[in-house]
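As a plain string of letters, each chain reads:
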Amino acid sequence: MTMAEPATGITRGRLLWSAGAAAAGALAIGSRRGDGASLAAPTGDDADILGFFLTLEQVQEDLYRRAVESGRIDGELRELATAVAAQERAHVRLLVAHLDDRTPPRPRTDFGEAVASPKAFLRTAIALEEAAIAGYVGQAGNLGRDQMRSIARLVSVEARQVAWLRDLAGLSPAPRAADPARKPGAVLDELRAKGWLA
């Protein structure tokens, strides 16, 4: 799949960079609801938050790896899945290094029909990336300053990943001025309800 550059002079690269910058900016502002209240307890334990992020990254890594192994995707979609699988593996390694002996067990995932066709994979990947970004935006502001610096680098990559996916699906790569923030329980419940997380 290839896409012509828009006539407006905005290149795909510039659009993907902008999506990443916007996500990182959302983290810098902090995780707040519309009324200014924090979405998570201000005394949140960094290890719990990082453990939540690790779970998200491991679930994403499993989806992309299974999509590539399925042999049912090709072209730019396979290129994306291969690149993103490697990025998610790197994110997992970074988070495990930060957690050290507090690393939670790896979650069990089940993507079944989600990798049965290119269309199903694309739909699943977009939904999963959007949920992960909402989890990052909702919790990263509750990390200590040093941890926040590391995590901001990850979320900008997550934003570029979903922008690329949305572009391939013919959707706006950046549909909102700011991404919504969600609590960990809401994100994990969604993944369980969709059958992706055991």
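Residues numbered from 1 in each chain as written. Predicted model: local features only at pLDDT ≥ 70, side-chain atom pairs only at ≥ 80, totals over all residues. Heavy atoms only, no water.

(A) Looking closely at the overall build of the protein. Helices and strands together make up the secondary structure of the protein, namely six helices and zero strands. Going from the N terminus to the C terminus, the protein shows its helices and strands as α-α-α-α-α-α. Across the 198 residues that make up the protein, the buried fraction comes to 46%. Contacts in the protein between residues far apart in sequence, at least 24 positions, make up 84% of those at least 6 positions apart. Accessible area for the protein stands at about 9,600 Å²; split by element, carbon and sulfur atoms hold 54% of it. (Helix = DSSP H or I, 4+ residues; strand = E, 2+ residues; numbered from the N terminus. Buried < 20%, exposed > 50% of the residue type's maximum accessible area, 1.4 Å probe, protein only. Contact = heavy atoms within 4.5 Å. Areas by Shrake-Rupley, 256 points an atom, 1.4 Å probe, with all protein chains shown as cover.)

(B) A look at the nonpolar core. One finds F53, L56, Y64, L95, F121, I151 and L191 to be the most contacted residues of the largest nonpolar core, which totals 50 residues. Contributing elements (two or more residues each) for this core: α2 (46-70), α3 (75-99), α4 (118-139), α5 (145-168) and α6 (184-193). The element that contributes the greatest number of residues to this core is α2, accounting for twelve residues. Contact partners of L56, with chain neighbours within four places excluded, come to A132, V187, L188 and L191. (Core = buried A, V, L, I, M, F, W, Y, C linked by side-chain atoms within 4.5 Å.)

(C) Structural context of the pattern of salt bridges. Applying the stated criterion across every chain yields a total of twelve salt bridges. When the shortest N-O distance is used, the salt bridge between R102 and D45 registers 2.9 Å. With a gap of 57 residues between them, R102 in the loop between α3 and α4 and D45 in the loop between α1 (12-29) and α2 connect regions that are remote in the sequence. Overall, the relative accessible area of 30% leaves D45 in the partly exposed class. R65 is the partner of E69 in a salt bridge, and the nearest nitrogen-oxygen pair spans 3.3 Å. Here E69 pairs with R65, and both are found in helix α2, just four residues apart, close to one helical turn. A residue is classified by how much of its surface remains accessible, and E69, at 55% relative accessible area, is exposed. (Salt bridge = Lys/Arg side-chain N within 4 Å of Asp/Glu carboxyl O.)

(D) Examining the packing of aromatic side chains more closely. The final tally for this structure, using the stated rule, is four aromatic pairs. Ring geometry for Y64 and F121: centres 5.8 Å apart, planes at 85 degrees, overall edge-to-face. With a gap of 57 residues between them, Y64 in helix α2 and F121 in helix α4 connect regions that are remote in the sequence. With a centroid separation of 6.2 Å and 35 degrees between ring planes, the pair formed by F111 and W196 is classed as tilted. On the criterion of sequence distance, the pair formed by F111 in the loop between α3 and α4 and W196 in the segment after α6 is long-range, its members being 85 residues apart. (Phe/Tyr/Trp six-rings, centres within 6.5 Å; stacked < 30°, edge-to-face > 60°.)

(E) The environment of E88, seen in detail. One can find E88 in helix α3. In this structure E88 comes out as buried when scored by relative accessible area, which is 0%. Along the backbone, E88 and D62 are 26 residues apart, and their C-alpha atoms lie at a distance of 8.9 Å. Excluding anything up to four places from it in sequence, E88 contacts E57, Q60, E61, Y64, E129, E158 and Q161.

(F) Spotlight on the environment of A83. Positionally, A83 belongs in helix α3. Judged by relative accessible area, A83 falls into the partly exposed class, the value being 29%. With 19 residues separating them in the primary sequence, A83 and Y64 have C-alpha atoms 9.0 Å apart.

(G) Representation of the packing of α3 against α5. Where α3 meets α5, the closest approach of the two axes is 11 Å, and the angle between their N-to-C directions is 165 degrees. In terms of their interaxial angle, α3 and α5 are classed as roughly antiparallel. Crossing hand, α3 versus α5: left-handed. Residue-level contacts link E76, L77, E79, L80, A83, V84, Q87, E88, H91, L94, L95 and H98 of α3 to Q147, S150, I151, R153, L154, V157, E158, Q161, W164, L165 and L168 of α5. For the contact of α3 with α5, the residue count by class is twelve nonpolar, six polar and five charged. (Axes fitted to C-alpha atoms, helices over the stretch in contact; angles between N-to-C directions. Parallel < 35°, antiparallel > 145°, perpendicular 65-115°, else oblique. Left-handed = near helix turned anticlockwise from the far one by under 90°. Nonpolar A, V, L, I, M, F, W, Y, C, P; charged D, E, K, R; others polar.)

(H) Inspection of the side chain of Q60 at higher detail. Mapped onto the secondary structure, Q60 falls in helix α2. A relative accessible area of 0% means that Q60 is categorised as buried. Once residues within four sequence positions are removed from consideration, Q60 is found in contact with E88, L128, E129, A132, E158 and Q161.

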